[in-house]
Amino acid sequence: MLKERTVKKICNAVHREVTLDLACAENDITGYESPSMIKACDSCHQCGVKTEQSMHWERCVFYGKAL
């Protein structure tokens, strides 16, 4: 089952609070949750994550961090 949530964090790349939409996979039987993945950010066009062709989440300051 996909579990989604929204968090607000201060982003050093854009110097303000941003809203991140996260998702993780949750196993109904064991309760195990996979690490959260960033689905969307309200400021990704300002820091270089969003380009004309695609999204480059590896450029995000929150990429790979537990949120």
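Scroll up to find the structure this text is about.
Small disclaimer: the values here were computed from a predicted structure and weren't measured.

Another point: the overall build of the protein. Summing up its helical and strand segments, the protein has zero helices and three strands in all. Mapped in sequence order, the helices and strands of the protein form the string β-β-β. Burial status across the protein gives 27% buried among its 67 residues. Sequence separation of at least 24 residues holds for 27% of the intrachain contacts in the protein that already meet a minimum separation of 6. Accessible area for the protein stands at about 4,900 Å²; split by element, carbon and sulfur atoms hold 52% of it. Computing the positive centroid from 9 side-chain charges and the negative centroid from 9, the protein places the two 6 Å apart.

On to unusual backbone geometry, then. Residues other than glycine seldom take positive phi values, yet His15 does so here, at roughly 60 degrees. Within the secondary structure, His15 is located in the loop between β1 (2-11) and β2 (16-25). On the basis of relative accessible area, His15 is assigned to the exposed category, the value being 68%.

Here we take up the side chain of Glu26. Mapping Glu26 onto the fold places it in the loop between β2 and β3 (37-41). Within the buried core, Glu26 has no salt-bridge partner, and the shortest N-O distance to an opposite charge, that of Lys3, equals 4.0 Å. Apart from residues lying up to four places away in sequence, Glu26 is in contact with Met1, Lys3, Gly31, Tyr32 and Glu33.

Thresholds, definitions, all that
- As a convention, each chain's residues are numbered from 1 in the sequence order in which they are written.
- Residue-level local features of this predicted model are given only where pLDDT is at least 70; pairs of side-chain atoms are given and counted only at 80 or more, and the full residue set underlies all totals for whole chains, interfaces and linings.
- The side-chain quantities take in all heavy atoms of the structure and omit both hydrogens and water.
- We count a stretch as a helix when DSSP gives it H or I for four or more residues in a row; a strand needs E for two or more, and each element gets its number in order from the N terminus.
- Here's how the labels work: a residue is buried when its accessible area is under 20% of the maximum for its type, exposed when over 50%, partly exposed in between, all with a 1.4 Å probe on protein chains only.
- Contact between two residues is taken to exist if any of their heavy atoms lie within 4.5 Å; hydrogens are not considered.
- All accessible areas in this document rest on Shrake-Rupley with a 1.4 Å probe, and a residue is counted as covered only by the protein chains that are shown.
- We score Asp and Glu as negative and Lys and Arg as positive, and we do not count His or the chain ends.
- Charge positions are represented by NZ for Lys, CZ for Arg, CG for Asp and CD for Glu.
- By definition, a salt bridge exists where a carboxyl oxygen of Asp or Glu is found within 4 Å of a side-chain nitrogen of Lys or Arg.

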